[in-house]
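# Breakdown of the fold
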Amino acid sequence: MNRPNLSDIREARTAVYRSAIRTPLVRLNVLDSQIYLKLENLQPIGSFKIRGAANAIAHTDPGALKLGLVTASAGNMAQGVAWMARELGIPCTVIAPETAPQTKVDAVERLSGRVLKVPVDDWWRAFEERKYPDVAGTFIHAFDDPYVMAGNGTIGLEILEDLPDADAVVIPWGGGGLACGIATAIRELKPDCRIFAAEVATAAPLAASLKAGSPQVIEPQRSFVDGVGGKSVFPQMFSRARRLLDGSLVAQVEEVASALKLLVERNRIVAEGAGATPVACAVAGRAGAGKIVCVVSGGNIDTSRLIEILAR
């Protein structure tokens, strides 16, 4: 399977719901707002990544699982794979960038995962090569895997079940597995629905690539928005994005901070930077008019950073 279809996504629900929950869709508590929030921050690991991890591992040969699981992640997929490894009673090794937030590293270690912090270039190479030197185990790719995308696509099914007349869906873009998975489901079920990726201005490789018409390499700048953005877009993910998405919306860092604060104050929802980025884009009007669904992809933000943002 090179890419998932609607049938694959529907089938994925069986594996996904063994470990993940069906998250609620709620309205943003702002007067006259037609913005809705898909709360993936409520998953057991605090992010949507448990869906893709559960489905990919369910399709892995049981014999191959005996050596354990390996993934490359800045934090959320690491927790998803570590959670599944703990359920299966097998070891898990996470290749993480040196810049990975400590709160996410600590969460992986609480799940008995082993974290190897490596230079960012080495971390990115692990995505490309789907392995890391001298680390044994089945590699679970964080985004460029059809089973991972099918698991993520179950979010799209839930959105349309709860809001059949959604006009637009805005989805954080990290590696693209979330956006492409959800878009695959929605494109088949509601072709007229607008579907956008959401990126932060300090690290928006998809927006740059779509503008240029080919995958581009950028120099990302670090910010508290750590769950989206990278230095480039995988060619195969770029091809999927051009086919499935209506574009990439870009928010400034301060807009994301304001959206994060808005979520806490109005809905009592804690989101990480990536999860607040779609809300920032929607509040600014970049997704257009009508009923707009923002995928709040996760809530794994460092407490001290959250306090700092709320105090602004």
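Computed from a predicted structure; not experimentally measured.

## Notes on the sheet that holds strand β9 (residues 248–251)
Strand order in the open sheet formed by six strands is β1-β2-β10-β7-β8-β9, with mixed pairing between adjacent strands. At either margin of the open sheet sits one strand with a lone partner, and together these are β1 (25–27) and β9. Across the sheet, the mean angle separating the axes of adjacent strands is 30° when strand polarity is ignored. Relative to strand β10 (residues 292–296), strand β2 (residues 35–39) runs parallel, the two being bridged by five bridges. For K38, the partnering residue across the bridge sits in β10 and is V295. On top of the sheet, helix α7 (residues 146–162) reaches β1, β2, β7 (168–172) and β10; it is set at about 135° to β2, its chief contact.

## So, the nonpolar core
Residues I95, W173 and L245 are the most contacted members of the largest nonpolar core, which totals 78 residues. Not counting chain neighbours up to four residues away, the residues in contact with I95 comprise V70, T71, A72, S73, L116, V118, W123, A126, Y132 and V135. Of all hydrophobic cores here, the second largest spans 38 residues; its members include V228, A251, A287 and I301.

## As for the layout of surface pockets
Considered as a void within the structure, the second largest pocket measures approximately 170 Å³ in volume. As for the second largest pocket, its lining consists of A15, R18, S19, A54, I57, A58, T60, P62, L65, M84, E87 and L88. Those elements that provide at least two residues to the lining of the second largest pocket are α1 (6–19), α2 (49–58), α3 (62–65) and α4 (76–88). Class assignment of the residues belonging to the lining of the second largest pocket gives a composition of eight nonpolar, two polar and two charged.

## Quick notes on the sheet that holds strand β5 (residues 114–118)
One open sheet holds the four strands; their spatial order is β5-β4-β3-β6, and the pairing between them is parallel. Two strands close off the open sheet at either side, each with one partner strand: β5 and β6 (138–139). Across the face of the sheet, α4 comes into contact with β3 (69–72) and β4 (92–97) while running at roughly 170° to β3.

## Considerations on empty space enclosed by the protein
Considering all chains together, one arrives at one cavity of 30 Å³ or more under this definition. As a volume, the largest cavity reaches approximately 40 Å³. Lining the largest cavity are S73, A74, G75, A78, V94, A96, A100, K104, V105, V108 and V115. Ranked by the residues each element gives to the lining of the largest cavity, the list is headed by helix α5 (residues 102–110), at three residues. Broken down by class, the residue content of the lining of the largest cavity amounts to eight nonpolar, two polar and one charged.

## Some thoughts on helix α9 (residues 205–212)
Among all positions in α9, only P205, L206, A207 and S209 are buried. On the buried face of α9, the contacting elements are β8 (194–200), α10 (235–244) and β9. In the stretch just after α9, G213 is the one whose phi turns positive, near 85°.

## Notes on the packing of α2 against α7
Their axes nearest at 7 Å, the elements α2 and α7 cross at an angle of 130°. For the element pair α2 / α7, the angle class is oblique. The element α2 and its partner α7 pack so that their crossing is right-handed. Where α2 abuts α7, its residues R51, G52, N55 and A56 lie against Y147, V148, A150, G151, N152, T154, I155 and E158.

## Details of the pattern of salt bridges
Summed over all chains, the structure comprises 19 salt bridges. For E158, the salt bridge identified is with R51, shortest N-O distance 2.9 Å. Residue E158 is located in helix α7, and its partner R51 is located in helix α2; the two are separated by 107 residues in the primary sequence. For E158, a relative accessible area of 0% translates into the label buried. Close ionic contact of R312 with E308 constitutes a salt bridge, the shortest N to O distance being 3.6 Å. Note on R312: relative accessible area 44%, which makes it partly exposed. A single salt-bridge network, built from bridges that share partners, covers R13, R22, E161 and D162.

What counts as what
- Residue indices follow the written sequence of each chain, beginning from 1 at its first position.
- Restriction of local features to residues with pLDDT of at least 70 applies here, the model being predicted, together with a cutoff of 80 or more for giving and counting side-chain atom pairs; totals for whole chains, interfaces and linings are based on all residues.
- In computing side-chain properties, one takes all heavy atoms of the structure into account and sets aside hydrogens as well as water.
- Strands are labelled as partners when DSSP assigns at least two bridges between them.
- Where helices and strands are cited, they refer to DSSP runs of H or I of at least four residues and of E of at least two residues respectively, numbered from the N terminus.
- Lines fitted to C-alpha atoms define the axes here, with helix axes fitted over just the stretch in contact, and angles between the N-to-C directions of these axes take values from 0 to 180 degrees.
- Should any heavy atoms of two residues lie within 4.5 Å, those residues are counted as being in contact.
- Take the buried residues of types Ala, Val, Leu, Ile, Met, Phe, Trp, Tyr and Cys, join any two whose side-chain atoms come within 4.5 Å, and each joined set is a nonpolar core.
- Only protein chains enter the calculation, and the probe is 1.4 Å; a residue is then buried if its accessible area is under 20% of its type maximum, exposed if over 50%, and partly exposed in between.
- Both cavities and pockets are sets of points on a 1 Å grid over the protein atoms alone; in a cavity a 1.4 Å probe fits but cannot get out, in a pocket the set is open with protein on both sides within 12 Å along at least five of seven lines, and lining residues sit with an atom within 4 Å of a point.
- Grid points are joined across faces, edges and corners, and a volume is the space filled by probe spheres set on the points.
- The classification used treats Ala, Val, Leu, Ile, Met, Phe, Trp, Tyr, Cys and Pro as nonpolar, Asp, Glu, Lys and Arg as charged, and all other residues, Gly among them, as polar.
- Here roughly perpendicular refers to angles of 65 to 115 degrees, roughly parallel to angles under 35, roughly antiparallel to angles over 145, and oblique to all remaining angles.
- The sense of a crossing depends on the near helix, which, turned anticlockwise from the far helix by less than a right angle, makes the crossing left-handed and, turned clockwise, makes it right-handed.
- Throughout this description, the term salt bridge denotes a Lys or Arg side-chain nitrogen within 4 Å of a carboxyl oxygen of Asp or Glu.

Purely geometric numbers; function is a separate question.
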